[in-house]
Amino acid sequence: MDWPIAEVARMSGVTARTLRHYDDTGLLPPARIGANGHRYYEERQLLRLQQILVLRALGVGLPEIGRILSEQVDEVDALRSHHQRLLAERDRLEALAGTVSRTIAELEQSRKDGNPVTINRPENLFEGVTPSQYEGNMRDFPELAEEVARRAATMSQADADTAHRQRTAQMIRLAELMAAGHPADAAPVQAEIDAQYQALTELRAVTAEDYRAIGRHVVDNETWRAAYESIAPGLAAYQRDAIEAYATTRLN
């Protein structure tokens, strides 16, 4: 039995355009092409599509998916491996939910006691957040995302962990400046924003408008905003405003 591309698109939730792209790149050729020029898929292709979608959900890029699938022989072994990755992702999400829950409780207690907002410093502040989440949320900046992904592919786990801790420490320093009452355009705040900008320019050229767009993205993108707000309420908007001030005074 086989299914036409329109039916596969309906079943899987993947657009026919995407399925055609998977065929064009050799990732998922159809079982056959009918006399009408339409693509038809059999059970083997549906199983392969399932693997592709599972790996995509885990944040794996298409080139890497192609490599993984080309090295696989037994479908049961492949699915068992994907199952283990899904269980690990479930554990990661549970850890992330626990981290955010603890932060909410601490902030609520600070407000209840009438104390200033406490900036959290535990090593597991971002437990459950991995670099792939940051890369995935750069999709609105494809050239930067491509470079981030390229560098991430060459990094050891230790290097990736170090970079992750540095990003976290940078966000915490900015939150401390906000909590101390420094306006977004204050010199120490702008020094932090300059360090962020310089790090970006090591990847590729970033214009004033590019940087402003990234600042807005911190607020508009749900995942980024949640990461900032888990440290201190208002931090996402503070970062955006600080970037706007930096772009206006230093990049124009």
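Structure's up top.
Residues numbered from 1 in each chain as written. Predicted model: local features only at pLDDT ≥ 70, side-chain atom pairs only at ≥ 80, totals over all residues. Heavy atoms only, no water.

## Observations regarding helix 10 (residues 208-220)
No. 1: Taking 1.5 Å per residue, 13 residues should reach 18 Å; helix 10 reaches 18 Å between its end C-alpha atoms and fits that length.
No. 2: Of all the residues in helix 10, the buried ones are Ala208, Tyr211, Arg212, Ala213, Ile214, Gly215, His217, Val218 and Val219. (Helix = DSSP H or I, 4+ residues; strand = E, 2+ residues; numbered from the N terminus. Expected span 1.5 Å × (residues − 1). Buried < 20%, exposed > 50% of the residue type's maximum accessible area, 1.4 Å probe, protein only.)

## Some words on the nonpolar core
No. 1: Counting residues in each nonpolar core, the largest one holds 28 residues, and the members touching the most others are Val189, Ile193, Tyr211, Ile231, Leu235 and Tyr238.
No. 2: Breaking this core down by element, the ones donating at least two residues are helix 8 (157-179), helix 9 (187-201), helix 10, helix 11 (222-229) and helix 12 (235-251).
No. 3: Once you skip the residues sitting within four places of it in the chain, Val189 turns out to touch Leu174, Leu177, His182, Pro183, Ala184, Tyr238 and Ala242.
No. 4: By size, the runner-up hydrophobic cluster in this structure holds 19 residues, among which are Trp3, Ile5, Leu58 and Leu69. (Core = buried A, V, L, I, M, F, W, Y, C linked by side-chain atoms within 4.5 Å. Contact = heavy atoms within 4.5 Å.)

## Here we look at the pattern of salt bridges
No. 1: Here the structure, examined in full by the defined rule, presents 10 salt bridges.
No. 2: For Arg32, the salt bridge identified is with Asp2, shortest N-O distance 2.7 Å. You can see Arg32 sitting in strand 2 (residues 32-33) and its partner Asp2 sitting in the segment before strand 1 (3-4), a full 30 residues away along the chain.
No. 3: Asp194 is paired through a salt bridge with Arg250; the nearest N and O atoms lie 3.9 Å apart. Highlighted residues: Asp194 in helix 9 and Arg250 in helix 12, separated in sequence by 56 residues. (Salt bridge = Lys/Arg side-chain N within 4 Å of Asp/Glu carboxyl O.)

## With respect to helix 2 (residues 16-24)
The α-helix winds at 3.6 residues per turn, so residues separated by three or four positions along the chain end up facing the same way.
No. 1: Listed in full, the buried residues belonging to helix 2 are Leu19, Tyr22 and Asp23. Along the axis of helix 2, the buried positions cluster into a sector of 100°, meaning they face one direction only. Opposite the packed face of helix 2, turned more than 90 degrees from it, sit the exposed residues Arg17 and Asp24.
No. 2: Where the residues of helix 2 are buried, they touch helix 1 (5-12), strand 3 (39-41), helix 3 (43-57) and helix 4 (62-71).
No. 3: The first or second residue beyond helix 2 is Gly26, which carries a positive phi of 80°. (Arc of directions from axis to C-beta.)

## What to know about the packing of aromatic side chains
No. 1: For the structure on display, the rule yields 3 aromatic pairs.
No. 2: A ring pair is formed by Tyr197 and Tyr211, whose centres lie 5.0 Å apart and whose planes are at 55°; its orientation type is tilted. Pair noted here: Tyr197 is in helix 9 and Tyr211 is in helix 10, with a separation of 14 residues, a long-range link. Taken individually, Tyr197 and Tyr211 each receive the classification buried, so the pair is uniform in this respect.
No. 3: Ring geometry for Tyr197 versus Tyr246: centroids 5.5 Å apart, planes at 50°, classification tilted. Here Tyr197 is found in helix 9, whereas its partner Tyr246 is found in helix 12, with 49 residues between them in sequence.
No. 4: Residue class for Tyr197 comes out buried when judged on its relative accessible area of 11%.
No. 5: Residue Tyr246 is classed as buried on the basis of its relative accessible area, which comes to 2%. (Phe/Tyr/Trp six-rings, centres within 6.5 Å; stacked < 30°, edge-to-face > 60°.)

## Notes on the sheet that holds strand 2
No. 1: Spatially, 3 strands are ordered 1-3-2 in an open sheet, and the strand pairing comes out antiparallel. Every interior strand has two partners, whereas the edge strands, strand 1 and strand 2, have only one.
No. 2: Two strands pair when backbone bridges link them, and strand 2 and strand 3 are joined in this way by 2 bridges, in the antiparallel orientation. Along strand 3, the bridge assignment pairs Ile33 with Arg39. (Pairing = 2+ DSSP bridges.)

The values reported here are purely geometric and, on their own, carry no functional implication.
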